[in-house]
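Report on the structure
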Amino acid sequence: MIEIKQVKIGYKKCLFSIEEIHLERGKVYSLIGANGAGKTTFLQTIQGNIPAIQGLIKVDDKNILEIDRYTKSTLIAFVNSKFDGIEYLKVKDYVGLGRIPYTNALGRLSLLDMEIVNKSIHQLNIEKLADLNTTELSDGERQLTAIARAICQETAIIILDEPTAFLDYANRKIVMEEMKKIASSLNLCIIISTHDLELCLESETEILIINKSTKKMQVFPKNQLLKSELVEIGF
Amino acid sequence: MILNRKHKIIFLILIALLPLLLGIHLFSGEINIEFKHFWNAIFQFNDTNTSEVIVREFRIPRMVIAVIAGGGLSIAGLFMQTMFNNPLAGPYILGINSGSSLFVAFSVMSGIPFLTSNLGTISSSLLGAFIFGMIILSFSYLVKSHISLLLIGIMLGGFASAIVSILQSLSDPQELKQFTMWSMGSLQQVEFEDLSIILFFSMIGAISSLFVIKPLNALVLGESQALTLGIHVKYVRLALIIITAILTGVITAFCGPIAFVGLAVPNLVKMIFKTQSHGILMLGCFFIGSLFLISCDIIIQLVESSIHIPINALTSIIGAPFVIAIVLKRLA
């Protein structure tokens, strides 16, 4: 799905390099690295928001920098670390905003769009929240709602920037489990940046780690590393 | 835009209220006029009949401009609030009206014949609104806080009015009078012949507004999320400033500055409709904004024989406490 070869990542100056990494559908990748190692820069680069210093990133066999904004919005969805909720915006309507790339000039949702909204809400088991206002939710519920909106966008890739940073243990666990379920049932490529080493080991995700000493990004399949090894490599 | 039952009921009430208040507005002037003269004034105008002249030259233009100014300023306010993610934004507080005022002052007091004509005033007003809109847009990239942007808008307003007062002290009595009359804000200076140009610009504003509904819905989530939803935020912001400049510029050219409508009405509309769907909000802003300004003007007409209240004063008296209430509610 995402093909990265001989790439240098950074904003003006190079933060780290990648020899060759393929990110595939059906898998959840936890992106790990020390503060300032370049996690956010990496996420911005694979979305094509900032260019790589050197090398090419291909999404679906196309250079990400050459994909127009509209096509990109049908390919990659993004979830922020925090969604504060918006006054007078109901959960259902918020999730419906994920359909924006597909609606006509007036933004009207078709019956099919409505169906996809309901399916996304069902996928995350938040039906009981559907008619609530996004400001009335707990932090955990809001994060699930934000994920539902990303699913509603029907992209092959979902990128989440520290989605669990503001959540308690139970909610962090729920978010990770949901992401794993979604990745396999909808066959999506999901990338989650996180500081929570235990959580990504426990949830058995693939690991993307920025090696602190070699300044290279490495990918490890699930269940291959221990926490001590993660700490050794990344921090 | 999906209307639920509640929205439909509210719109039905608004649609019923509008002609009712328009009727009251037409008949609430100082001089009593029979119904048949209204009909004749439009379809069989006879310029020797005083009643018909009053209707055609005063009542109808005043009613039409009240509807357009109320609706237009409210929609412009909604655009500013969503674009800057700031419930206290509006064309007046952000200094966009002041841009119009400044440029109108320049053109009225320039003494150049074209600039002092109606068309000259409109052009200057549009240009001023656009330039000040672009200035506030550039500042919005530099400041992060909501309050800072509002303060910058207020400073722009202060700056513009300082220059205006210097211009006033330099100008001759005739120009000064023309500008002072204008700056008090009034719905009475519009003439029947002006209506076509006002309607022309309003239609441009209305039609182009349809195309920003979807981007506005996305902008509610903030700029970065709107980008990931495939919205060209840069163009959308420019389009919003242009539409706001057209609406605010034309209205300000003919009515002078009118405060608080653009700030208060969109907030009221959101409270009533409880939605972030901008198709509904725009329609709501049009109806409630025009009903609000029509009602204000009915009050002004009713007391006209004893006291002359400028429209700007009345909208401020009603709008300012409402805005303070919004601020208190948000801070509490």
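The structure reproduced in this document is the subject of the present report.

This paragraph deals with the overall build of chain B. When its secondary structure is counted, chain B shows 15 helices and 0 strands. Oriented by its inertia axes, the alpha-carbon framework of chain B measures out at about 65 × 55 × 35 Å. Looking at the 332 residues of chain B, the share that counts as buried comes to 56%. In chain B, the share of contacts with a sequence separation of at least 24, taken over all contacts with a separation of at least 6, comes to 75%. Counting only carbon and sulfur atoms, one obtains 73% of the accessible surface of chain B, whose full area is about 14400 Å². Here chain B contributes 16 positive and 13 negative side-chain charges, whose respective centroids are spaced 24 Å apart.

On to helix 4 (residues 96-110) of chain B. When the terminal C-alpha atoms of helix 4 of chain B are compared, their 21 Å separation across 15 residues agrees well with the 21 Å that a helix rising 1.5 Å per residue should span. A positive backbone phi angle near 80 degrees is found at Gly111 of chain B, which sits one or two residues after helix 4 of chain B.

This model, assessed by the stated rule, comprises 0 disulfides over all chains. Cysteine Cys189 of chain A is unpaired, with the sulfur of Cys200 of chain A as its nearest cysteine sulfur at 16 Å. Cys296 of chain B takes part in no disulfide bond, and the closest cysteine sulfur to it belongs to Cys255 of chain B, at a distance of 13 Å. In this structure Cys296 of chain B comes out as buried when scored by relative accessible area, which is 1%.

All right, on to the interface of chain B and chain A then. Counting residues at the interface gives 25 residues for chain B, matched by 26 residues for chain A. Carbon and sulfur atoms supply 57% of the area that chain B and chain A bury against each other, a total of about 2200 Å² over both sides. On the chain B side of the contact with chain A, Lys214, Thr228 and Leu229 of chain B bury the most area, a combined 27% of that side's loss. Put simply, chain B and chain A have 1 salt bridge between them. Residues Glu87 of chain A and Lys329 of chain B are paired through a salt bridge, measuring 3.8 Å at the closest nitrogen-oxygen approach. Taken together, the connections running from chain B to chain A amount to 8 residue pairs in polar contact (both at pLDDT 80 or more). Among the secondary structure elements, those contributing two or more residues to the side of chain B that touches chain A are helix 10 (213-219), helix 11 (223-228), helix 13 (261-273) and helix 15 (311-331) of chain B. By residue class, the composition of the side of chain B that touches chain A is 12 nonpolar, 8 polar and 5 charged.

A separate point is the environment of Ile147 of chain B. Residues and elements named next belong to chain B. With respect to the secondary-structure elements, Ile147 resides in helix 7 (residues 146-170). Residue class for Ile147 comes out exposed when judged on its relative accessible area of 52%. With 45 residues separating them in the primary sequence, Ile147 and Phe192 have C-alpha atoms 41 Å apart.

All right, on to the packing of helix 3 (residues 50-83) of chain B against helix 9 (residues 195-210) of chain B then. Between two packed helices, both the angle of their axes relative to each other and the distance between the axes serve to describe the pair. Residues and elements named next belong to chain B. Interaxial distance between helix 3 and helix 9 falls to 11 Å at its minimum, and their mutual angle equals 30 degrees. As judged from the angle between their axes, helix 3 and helix 9 are roughly parallel. Like other packed secondary-structure pairs, helix 3 and helix 9 cross with a definite hand, here left-handed. Residue-level contacts link Ile60, Pro61, Val64, Ile65, Ile68, Ile75 and Phe79 of helix 3 to Leu195, Ile198, Leu199, Ser202 and Ser209 of helix 9. Partitioned by chemical class, the residues of the contact of helix 3 with helix 9 number 10 nonpolar, 2 polar and no charged.

All right, on to the nonpolar core then. It is characteristic of soluble globular proteins that their nonpolar side chains tend to be buried jointly. Residues Ile158 and Ile190 of chain A together with Phe79, Met80, Phe254 and Ile258 of chain B are the most contacted members of the largest nonpolar core, which totals 152 residues. Ranked by residue count, the leading element in this core is helix 3 of chain B, at 17 residues. Setting aside residues up to four positions removed in sequence, Ile258 of chain B forms contacts with Ala69, Leu73, Tyr92, Asn97, Leu187, Leu293, Ile311, Asn312 and Thr315 of chain B. Grouped together as the second largest cluster of nonpolar side chains are 30 residues, Ile4, Phe16, Leu75 and Ile76 of chain A included.

For helix 2 (residues 35-43) of chain B, the full list of buried residues reads His37, Phe38, Asn40 and Ala41 of chain B. Buried positions along helix 2 of chain B lie against helix 1 (5-27) and helix 3 of chain B.

So, about the side chain of Glu178 of chain A. Its location among the elements puts Glu178 of chain A in helix 6 (residues 169-185). Setting aside residues up to four positions removed in sequence, Glu178 of chain A forms contacts with Gln123, Leu124, Asn125 and Leu144 of chain A.

Here we come to the sheet that holds strand 3 (residues 27-32) of chain A. In a beta sheet, neighbouring strands pair by backbone hydrogen bonds and run either parallel or antiparallel. Residue and element names in this part refer to chain A. Read across the sheet, 6 strands follow the order 6-7-8-3-9-10 without closing on themselves; strand pairing throughout is mixed. If you trace the sheet from one side to the other, it starts and ends with strand 6 (76-79) and strand 10 (217-220), each paired once. Strand-to-strand twist of the sheet, defined as the mean angle between neighbouring strand axes without regard to direction, takes the value 20 degrees. In the packing of helix 1 (residues 39-46) onto the sheet, the strands contacted are strand 3, strand 6, strand 7 (157-161), strand 8 (189-193), strand 9 (206-210) and strand 10, and the crossing angle to strand 7 comes to about 155 degrees.

A separate point is the packing of aromatic side chains. All names here are of chain B. Per the counting criterion, the structure on display carries 7 aromatic pairs over all chains. Pairwise contacts between aromatic rings join Phe11, Phe273, Phe286 and Phe287 into one cluster. Lying over the aromatic face of Phe45, Arg56 brings its terminal NZ or CZ to 4.5 Å of the ring centre.

Glancing now at the packing of helix 4 of chain B against helix 6 (residues 118-142) of chain B. Residues and elements named next belong to chain B. At a minimum axis distance of 7 Å, the contact between helix 4 and helix 6 shows a crossing angle of 140 degrees. When the interaxial angle is binned, helix 4 and helix 6 end up oblique. Seen along the crossing, helix 4 lies across helix 6 with a hand that is right-handed. Every residue of helix 6 that contacts helix 4 at Ile96, Ser98, Gly99, Ser100, Leu102, Phe103, Val104 and Ser107 is listed here: Gly120, Thr121, Ser124, Ser125, Leu127, Gly128, Ala129, Ile131, Phe132 and Gly133.

Residue and element names in this part refer to chain A. The 4 strands are arranged 2-1-4-5 in an open sheet whose pairing can be described as antiparallel. The open sheet terminates on both sides in strands that have one partner only, identified here as strand 2 (13-23) and strand 5 (62-63). Sheet topology note: the strand 1 (residues 2-11)/strand 4 (residues 54-59) ladder contains 5 bridges and is antiparallel. Within the sheet, the bridge partner assigned to Ile2 lies in strand 4 and is Val59. The sheet strands contacting helix 1 are strand 1, strand 2 and strand 4, and the helix crosses strand 1 at an angle near 130 degrees.

Quick notes on the rules
- Residues numbered from 1 in each chain as written.
- Chains lettered and ligands numbered in written order.
- Predicted model: local features only at pLDDT ≥ 70, side-chain atom pairs only at ≥ 80, totals over all residues.
- Heavy atoms only, no water.
- Helix = DSSP H or I, 4+ residues; strand = E, 2+ residues; numbered from the N terminus.
- Buried < 20%, exposed > 50% of the residue type's maximum accessible area, 1.4 Å probe, protein only.
- Contact = heavy atoms within 4.5 Å.
- Areas by Shrake-Rupley, 256 points an atom, 1.4 Å probe, with all protein chains shown as cover.
- Lys, Arg positive; Asp, Glu negative; His and termini not counted.
- Charge placed at Lys NZ, Arg CZ, Asp CG, Glu CD.
- Expected span 1.5 Å × (residues − 1).
- Disulfide = S-S within 2.5 Å.
- Buried area = accessible area lost by both parts, 1.4 Å probe.
- Salt bridge = Lys/Arg side-chain N within 4 Å of Asp/Glu carboxyl O.
- Polar contact = N/O pair within 3.5 Å; in protein donor to acceptor, adjacent residues only side chain to side chain.
- Nonpolar A, V, L, I, M, F, W, Y, C, P; charged D, E, K, R; others polar.
- Axes fitted to C-alpha atoms, helices over the stretch in contact; angles between N-to-C directions.
- Parallel < 35°, antiparallel > 145°, perpendicular 65-115°, else oblique.
- Left-handed = near helix turned anticlockwise from the far one by under 90°.
- Core = buried A, V, L, I, M, F, W, Y, C linked by side-chain atoms within 4.5 Å.
- Pairing = 2+ DSSP bridges.
- Phe/Tyr/Trp six-rings, centres within 6.5 Å; stacked < 30°, edge-to-face > 60°.
- Lys NZ or Arg CZ within 6 Å of the ring centre and 35° of its normal.

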